[in-house]
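Residue strings, one per chain:
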Amino acid sequence: MHEEDDLFGPNTLAIRTGHERTHEGEHSEPIFLTSSFVYKNAQEAANKFQGKESGNVYSRFTNPTVAVFEKRLAVLCGGERAVATGSGMGAILAIMMAYLKAGDHVICSRDVFGSIVGLFERYIRKFGVEVDFVDLTDLAQWKNLAKPNTKMFFMESPSNPLAVIGDIQAIADIAHQHNALLVVDNTFCTPALQQPIKFGADLIVYSATKYIDGQGRALGGAVVGKHDLLEDVFSVVRTLGPSMSPFNAWVFLKGLETLNLRMKAHCEGALQIAQWLNQHEKVSKVYYSGLETHPGHELAKKQQSGFGGIVSFEVKGGKDEAWKVIDSTTFISITGNLGDVKSTITHPATTTHGKLSAQAQKDAGIDESLIRLSVGLEDIHDIIRDLSRGLDLI
Ligand SMILES: *Cc1c(COP(=O)(O)O)cnc(C)c1O
């Protein structure tokens, strides 16, 4: 197919982009599990090493299976190019290494994945880069902290675990007024629900480990954006080595084929669960942007084509009551991972956000009674029954 033909819809692109059939005539995309590539002669080897001739050299640089995943993801995101990495954190590190140097300044939303805060505080600062954290929804803070050496804004929307929605267009405008890049972590929505490039974001980052795989098998990540910006990320990945395994790339490119369908089903299930929790007498608060009472509901409707699969809620009581609900489940998996066909349940205050001080947890709105649920694709009435077991005991 010709992917540049913009008549193709997103499902066709997700299923057909990137694979050029080899002489074997295979139907499914092959896995090129090879670390290096061979040449017809010494001249060809010399040309390829010197970049005079294009082609594969070594799988830390390029690999045909990884390339199919990259092409597919870039097309689905409305981006020109994607670079795959060994994990979501590897993708974020590659962006930092590509665009920041000593003396630069970054503004980052406080509501980002926990390890990203650790990456900035413990490592990026060590190399002389200043970092300020701001409230995702407080545009005045983004504006007021920007200064001449500000090179990058970093945000995630919806946030984890409280589903705070950030205004991508407004934050992109502020970043661009200061000649800074806006990086958006789009792991929760995936390109199936949100395309930050349409709202002015420069670089999109993914943990493919979550919904893109969708079945909890492999670690991976990617950066998506314009061609020239991505060349710097590619250069970092091929030199520093956080490259994606061809086997994992194959898992993810197959995941992309069903991503639209799965995300639609995750959204439908999550909305039903959120509505059920919202009227439950043992539940004091539900965080899901699909509920009209959620403060980010209108913005989510503008930016996203669905509200996502993560529902967080507070139970009446504290840690003991939250743990009772978690421990009373019989099939929902007690695990920190999310974005799986299997529903997963987490107590953020003692796991994903457990390293924060009591005050920092309070500032982040992480109450001891809070539970995060990643709604899987099991039957909704079964998920409701599993949650009811503990809620009925409180
Ligand atoms: C999991 C996650 C990451 C990190 O990805 P890994 O694949 O675990 O390295 C980054 N951002 C978000 C939003 C995540 O959920």
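To keep things clear, this report deals only with the structure shown in the data block. No experiment lies behind these values; they were computed from the predicted model shown. (Residues numbered from 1 in each chain as written. Predicted model: local features only at pLDDT ≥ 70, side-chain atom pairs only at ≥ 80, totals over all residues. Heavy atoms only, no water.)

### Brief notes about the nonpolar core
Note that soluble globular proteins tend to have their nonpolar side chains buried in a common cluster.
Then, in step 1: Phe 69, Leu 73, Trp 142, Phe 153, Met 155, Leu 182 and Ile 212 are the most contacted members of the largest nonpolar core, which totals 51 residues.
Then, in step 2: The element that contributes the greatest number of residues to this core is helix α3 (residues 64-77), accounting for seven residues.
Then, in step 3: Two domains each donate at least three residues to this core, and these are domain 1 (5-257) and domain 2 (260-391).
Then, in step 4: Residue contacts for Met 155: discarding those within four places in its chain leaves Ser 109, Val 112, Leu 136, Trp 142, Gly 166, Ile 168, Ile 171, Leu 182, Val 183, Val 184 and Asp 185.
Then, in step 5: Ile 95, Val 112, Val 205 and Val 233 belong to the second largest nonpolar core, which has 31 residues in total. (Core = buried A, V, L, I, M, F, W, Y, C linked by side-chain atoms within 4.5 Å. Buried < 20%, exposed > 50% of the residue type's maximum accessible area, 1.4 Å probe, protein only. Helix = DSSP H or I, 4+ residues; strand = E, 2+ residues; numbered from the N terminus. Domains from an automatic or database assignment. Contact = heavy atoms within 4.5 Å.)

### Focus: the pairing of strand β3 (residues 130-134)
Then, in step 1: The sheet contact formed by strand β2 (residues 105-109) and β3 spans five bridges and is parallel. Residue pairing for β3: His 105 is matched across the bridge by Glu 130.
Then, in step 2: You can see the chain leave β2, run along helix α5 (residues 114-124) and come back into β3, and the turn it takes is right-handed. (Pairing = 2+ DSSP bridges. Right-handed = clockwise from strand over helix to strand, strands pointing away.)

### A few points about the site of the ligand
Then, in step 1: Inspection of the region around the ligand gives 13 residues, with Gly 88, Asp 185, Ser 207, Thr 209 and Lys 210 positioned closest.
Then, in step 2: Contacts to the ligand include Gly 88, whose backbone N or O atom sits 2.9 Å from an oxygen atom.
Then, in step 3: Within the side chain of Thr 209, a nitrogen or oxygen atom sits 2.6 Å from an oxygen atom of the ligand.
Then, in step 4: Summarising the interface, the protein chains cover 92% of the accessible area of the ligand, which totals 380 Å² for the free molecule.
Then, in step 5: Its residues assigned to classes, the shell around the ligand shows four nonpolar, six polar and three charged. (Near = heavy atom within 4 Å. Polar contact = N/O pair within 3.5 Å; in protein donor to acceptor, adjacent residues only side chain to side chain. Areas by Shrake-Rupley, 256 points an atom, 1.4 Å probe, with all protein chains shown as cover. Nonpolar A, V, L, I, M, F, W, Y, C, P; charged D, E, K, R; others polar.)

### Notes on unusual backbone geometry
Then, in step 1: In this structure, Pro 158 follows Ser 157 across a cis peptide bond, with omega equal to -5°.
Then, in step 2: Relative to the assigned elements, Pro 158 resides in the loop between β4 (150-156) and α7 (168-177).
Then, in step 3: Not every positive phi belongs to a glycine, and Asn 179 is a case in point at roughly 55°.
Then, in step 4: Note that Asn 179 resides in the loop between α7 and β5 (181-185).
Then, in step 5: With a phi angle near 60°, Thr 190 is a residue other than glycine that sits in the positive phi range.
Then, in step 6: Turning to its location among the elements, Thr 190 is positioned in helix α8 (residues 190-193).

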